[in-house]
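Fold and contact review
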Amino acid sequence: MTNVVSTAPTVTSAPPAVAAAERYRAAERKLWDHYGLRPTERFVELRSPAVRLRVVEVGSGSPVLFVPGTGGTGPYWGALVRELPGCRCLMLDRPGWGLSSPIDYTAGGYAHTAADVLCAVLDALELERVAVVGASIGDVWALRLAARHPERVASVALLGGGPIVAEAGTPTIIRLIASPLGAIIVRLPANAGRLRGMLRQVGHGESLDAGRIPAEYIDWRLAFERETDSMRNERDMVRAIVSARSGLRRGLPFEESELAAIEASTLMVYGTRDPVGSTEIWSRTLGLLPRGELRLIDGAGHMPWLDDPSGVAGHISRFLAT
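None of these values were measured; they are calculated from a predicted model.

1. A look at helix 4 (residues 137-148)
Here helix 4 is 12 residues long and its end C-alpha atoms lie 17 Å apart, about the 16 Å a rise of 1.5 Å per residue gives. Buried residues dominate helix 4, accounting for 10 of its 12 residues. Among all positions in helix 4, only Ile137, Gly138, Asp139, Val140, Trp141, Ala142, Leu143, Arg144, Leu145 and Ala146 are buried.

Written as structure tokens, this is what we have:
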């Protein structure tokens, strides 16, 4: 059973956790303002697992659920969702991510947990069937929902590579987060130079140099690390799915037979500078899906909508329309 809870009002003389959340929301608002968007926020309370999750909503029309990767949440979709005026965009903070509370991923199978959490979110939002957009690890969440609860998924769009198949490997930063050194990495003070370096490593250097990634994005991402526990919570999740020695744990990536059984139409939009996987890997992977298709964004990185929001939105819009 689930309940939808409205956002609590801002409190004067707030305790530290509330004050940090408000500072984070202030950074979000500046980025939303940059994109000319006015989102609404709500929280849903799930009972199994017991978790409080935030959903940020923009637009009206057909519902589309967005599930983020480790790059961010909420307004990191802003450049894309402003190009999707015909969609009701529901952007989820994954458990432990953004302003959502964490869960224990070791208590059950990760794949089932991801699918069942998303299904419970749809119940709480009173949505029978939606399109789902994932990015990075969010790709796995989207496909696991389609595999375990096919009646709830109209179609799936995957943005950027993710740990969908073992062949894609484990990104270096994810291995580091899973390692003992990761305990230090996730507690390092947020630093603009290090953040820009990370964005370059995942293929967004050209957009940084051209100013396509605005200063408000950098400020928001720094507030995300400073004012929320997201990175520490993400390390707990990563350690449940990645071995620092052997890489992705069994049960996270899909077997070929699992992909072949997914009925939902599935689109992947992949940037040619994305270091996660390769064009060849994703061509083979999408070929395993009965209704899979791959579209490339030349010169784009791991979050391709940061480099070419209208191009990615065009692919998604045409895909959803059919």
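From this point on, the discussion continues.
2. Side note on the nonpolar core
A general feature of soluble globular proteins is that nonpolar side chains tend to end up buried together. The biggest cluster of nonpolar side chains holds 109 residues, and the ones touching the most others in it are Phe66, Trp77, Leu80, Leu159, Ile164, Tyr217 and Trp305. Considering every element that reaches this core, the biggest residue donor is helix 3 (residues 110-124), with 9 residues. Apart from residues no more than four positions distant in its own chain, Ile164 is found in contact with Asp139, Val140, Leu143, Leu158, Pro253, Phe254, Leu259, Met268, Trp282 and Thr285.

3. Considerations on the side chain of Asp139
Among the structural elements, Asp139 can be located in helix 4. Despite its burial, Asp139 remains without a salt bridge, the nearest opposite charge being carried by Arg94 at 10 Å. If we ignore the near neighbours within four places in the chain, the residues touching Asp139 are Gly134, Leu158, Leu159, Gly160, Gly161, Gly162, Ile164 and Met268.

4. Details of unusual backbone geometry
A cis amide bond, omega 0°, links Ser48 with the succeeding residue Pro49. Along the chain, the position of Pro49 falls in the loop between strand 2 (40-47) and strand 3 (50-58). The backbone phi angle of Glu126 is positive, close to 60°, even though this residue is not glycine. Inspection of the secondary structure puts Glu126 in the loop between helix 3 and strand 6 (130-135). Residue classification places Glu126 among the exposed residues on the basis of a relative accessible area of 72%. One non-glycine residue, Ser136, adopts positive backbone phi at about 60°. If you trace the backbone, Ser136 turns up in the loop between strand 6 and helix 4.

5. Observations regarding the packing of aromatic side chains
Applying the stated criterion to the full structure yields 12 aromatic pairs. Measuring from centroid to centroid gives 4.9 Å for Trp97 and Phe224, while their planes differ by 75°, and the two rings are edge-to-face. Residue Trp97 is found in the loop between strand 5 (87-92) and helix 3, and its partner Phe224 is found in helix 9 (residues 215-227); the two are separated by 127 residues along the sequence. Residue Trp97 is classed as buried on the basis of its relative accessible area, which comes to 0%. Under the relative-accessibility criterion, Phe224 is labelled buried at 0%. By way of ring pairs, the aromatic residues Tyr24, Phe66, Tyr76, Trp77, Trp97, Tyr217, Trp220, Phe224 and Trp305 are connected into one cluster. Cation over ring: Arg52 sits above Phe43, and NZ or CZ is 3.9 Å from the ring centre. Here the basic side chain of Arg94 rests over the ring of Trp97, its NZ or CZ set 5.2 Å away from the ring centre.

6. Details of the pattern of salt bridges
For the structure on display, the rule yields 22 salt bridges. With its nearest N and O atoms 2.7 Å apart, the salt bridge here joins Arg25 to Glu22. Pair noted here: Arg25 and Glu22 are both in helix 1 (residues 16-35), with a separation of 3 residues, about one helical turn. Residue Glu22 is classed as partly exposed on the basis of its relative accessible area of 21%. Glu227 serves as the salt-bridge partner of Arg23, at 3.0 Å between the closest nitrogen and oxygen. Here Arg23, found in helix 1, pairs with Glu227, found in helix 9; they are 204 residues apart in sequence, far enough to count as distant. We classify Arg23 as partly exposed; its relative accessible area is 46%. Taken together, the shared-partner salt bridges in this structure form one network comprising Glu22, Arg25, Glu28, Glu41, Arg54 and Asp93.

Rules of the game
- Residues numbered from 1 in each chain as written.
- Predicted model: local features only at pLDDT ≥ 70, side-chain atom pairs only at ≥ 80, totals over all residues.
- Heavy atoms only, no water.
- Helix = DSSP H or I, 4+ residues; strand = E, 2+ residues; numbered from the N terminus.
- Expected span 1.5 Å × (residues − 1).
- Buried < 20%, exposed > 50% of the residue type's maximum accessible area, 1.4 Å probe, protein only.
- Core = buried A, V, L, I, M, F, W, Y, C linked by side-chain atoms within 4.5 Å.
- Contact = heavy atoms within 4.5 Å.
- Lys, Arg positive; Asp, Glu negative; His and termini not counted.
- Salt bridge = Lys/Arg side-chain N within 4 Å of Asp/Glu carboxyl O.
- Phe/Tyr/Trp six-rings, centres within 6.5 Å; stacked < 30°, edge-to-face > 60°.
- Lys NZ or Arg CZ within 6 Å of the ring centre and 35° of its normal.

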